[in-house]
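# Summary of the model geometry
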Protein chains: 2
Amino acid sequence: MEIVLLGSGNVATHLAKALKAKGENVVQVYSPNLVNAKLLANSIAAEAIGDLNAIKTDADLYIISVKDDAIESIAERLKAVSGLVVHTSGTTDIKVLSAQFKKAGVFYPLQTFSKAKEVDFDRIPLCIEATDAVQLEVLHKLAAKLSQQVYELDGEKRKVLHLAAVFACNFPNHLYALANQILQQNGLDFEIIRPLIAETADKVMNNLPENVQTGPAVRADETTMNKHLSMLKDMPELQEIYQTLSNSIKLMPK
Amino acid sequence: MEIVLLGSGNVATHLAKALKAKGENVVQVYSPNLVNAKLLANSIAAEAIGDLNAIKTDADLYIISVKDDAIESIAERLKAVSGLVVHTSGTTDIKVLSAQFKKAGVFYPLQTFSKAKEVDFDRIPLCIEATDAVQLEVLHKLAAKLSQQVYELDGEKRKVLHLAAVFACNFPNHLYALANQILQQNGLDFEIIRPLIAETADKVMNNLPENVQTGPAVRADETTMNKHLSMLKDMPELQEIYQTLSNSIKLMPK
């Protein structure tokens, strides 16, 4: 199967390396910035292209892995291709592609990617969707080579998952950053809190989070919460977050 | 060194087991509920007591590991003891003990404990404080047996750490619970999001969180954020949390 990859960002980079590692044949990497295309293409022995007119039109699979709002405009430039065209977005509807291509799909890896950190693709849930059963089977086979967790999800469920991911990943990471802000202002190093972060995540690998909540809010320990709020008196933004999340913990059904 | 442990909750239980595993001599376990005292005492071959009048007065170390608001009243009942008396609380001042005992201290393990899950005490930061250098050395030696990470922190810094821990542990766990709520309402299982939670925490083991933030807010992707807010229209509490945390991410210096 010949694969053309469109994009050179975090998702495209990790996906390209995972495909290469599993022996898949990525023939071209496109980026409007040819330097970026070359960087990624060279690392997986593919051809780099910076112009969509140079794209192979007879590949089997086209993976559009770019920012959500650039998917449609790239798709419009691919009208000549005959293969299956997919995107890797959590929030973009399959219709953006199926309106233009008979064979279209979605190949969404549910993970947080940074170029600075390698990830084990094997453990990344891959969410797939396609215009028909034949194309779904193509994506299923490819996904199963890359990961042990493959989910067939329609667009509505995929969007829900993306929203849940913001709560489970982006927001917790920001709270780590706010914890670091509190520590730094008091001459304490982030290192001291890393074991707690690791254990908090590890705990929900075999439990549901609502069953292992700890801290002053779930104990309704108003004395401690009031102390904390007064310690944050010069940081009104953190005070608001503290109040909002503590209230939400208190409201959680037990 | 003879140790008396006062308490049978999560912290007391994990601490007792860690002390026993390192060959420390816990001679008594006290709980006002004798059944709980026996459960824990039996597991570490100590004597269980349900009445403070039965406490040994000549032990070397008394560890009060109970709810914050019960520390003082237990301390008042220990007036006859001559050993070092410490508590394990992040927020309680050493003065609650040093007002009554010449030899007093704090032995605070920075971790989230649940009875359901074993923890590796070796990786738990232990924060210690004492009335004088001799007692501090006693605590330092004991702490160093249990953990690779020992910090000497005064009460102010310990309280800051406890506040940061709420942001780094209790709040992220609650956000996992909210993610699960969103998933369940749409027939999706929490399992699908576990690898993302693990990776989000793993990422900050070698990076600072503010350098690895991902998601719509840090990209200022208003289209996606508006979609998410409208998906939450029947969950006003989650909508408020989404808005508050997204705004905070946008305000974060880069």
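All values derive from a computational prediction rather than experimental measurement. Residue numbering note: each chain is counted from 1, following its sequence as written. Whichever chain is written first is A, and whichever ligand is written first is 1; the rest continue in order. Totals for whole chains, interfaces and linings use every residue, but because this is a predicted model, local features are given only for residues with pLDDT of at least 70 and side-chain atom pairs only at 80 or more, for both listing and counting. Values reported for side chains reflect all heavy atoms of the structure, with hydrogen atoms and water molecules removed beforehand.

This next bit is on the domain arrangement of chain A. All names here are of chain A. In this entry, domain limits derive from an automatic or database-based domain assignment. You can read the domains of chain A as domain 1 (2–153) and domain 2 (159–251). A C-alpha centroid distance of 35 Å is found between domain 1 and domain 2. The interface is formed by 8 residues belonging to domain 1 together with 5 residues belonging to domain 2. Summing both sides of the interface, domain 1 and domain 2 together bury roughly 570 Å²; the carbon and sulfur share of this comes to 73%. Of all residues in domain 1, Thr91, Tyr108 and Leu110 bury the most surface against domain 2, accounting for 54% of the area lost on that side. Salt bridges are defined by distance alone: a side-chain nitrogen of Lys or Arg within 4 Å of a carboxyl oxygen of Asp or Glu. Connecting domain 1 to domain 2 are 1 salt bridge. By the convention used here, residues are in contact when the closest approach between their heavy atoms is within 4.5 Å. Put simply, buried area is how much 1.4 Å-probe accessible surface two parts lose in total, over both of them, once they are put together.

Across the boundary between the two partners, chain B contributes 88 residues, which contact 88 residues of chain A. When the two sides are added together, the surface that chain B and chain A hide from each other amounts to roughly 8,600 Å², 69% of it contributed by carbon and sulfur. Between chain B and chain A we count 0 salt bridges in total. Think of a polar contact as two N or O atoms within 3.5 Å of one another; within protein, one of them needs to be a possible hydrogen donor and the other a possible acceptor, and neighboring residues in sequence only count if both atoms come from side chains. Inspection of the chain B/chain A interface yields 32 residue pairs in polar contact (both at pLDDT 80 or more). Think of it this way: any DSSP run of H or I at least four residues long counts as a helix, any run of E at least two long counts as a strand, and we number them from the N terminus. Those elements that place two or more of their residues in the side of chain B that touches chain A are α6 (155–185), α7 (194–203), α8 (222–231) and α9 (236–251) of chain B.

Before going further, it helps to spend a moment on the sheet that holds strand β7 (residues 126–130) of chain B. All names here are of chain B. Taken in spatial order, the 8 strands make up an open sheet running β3-β2-β1-β4-β5-β6-β7-β8, and their pairing is mixed. Among the strands making up the open sheet, the edge pair consists of β3 (47–49) and β8 (150–152). The mean inter-strand angle of the sheet, taken between neighbouring strand axes irrespective of direction, is 25°. As paired elements, strand β2 (residues 25–30) and β3 share 3 bridges and run parallel to each other. For Gln28, the partnering residue across the bridge sits in β3 and is Glu47. Interaxial angles span 0 to 180 degrees and are taken between N-to-C directions of axes, which are lines fitted to C-alpha atoms, for helices over the stretch in contact. The strands that helix α1 (residues 10–21) touches are β1 (2–6), β2, β4 (61–64) and β6 (104–109); relative to β1, the one it contacts most, it runs at about 160°. The sheet contacts of helix α2 (residues 34–43) involve β1, β2 and β3, and relative to β3 the element is tilted by about 165°. Here the rule is simple: two strands pair whenever DSSP picks up at least two bridges between them.

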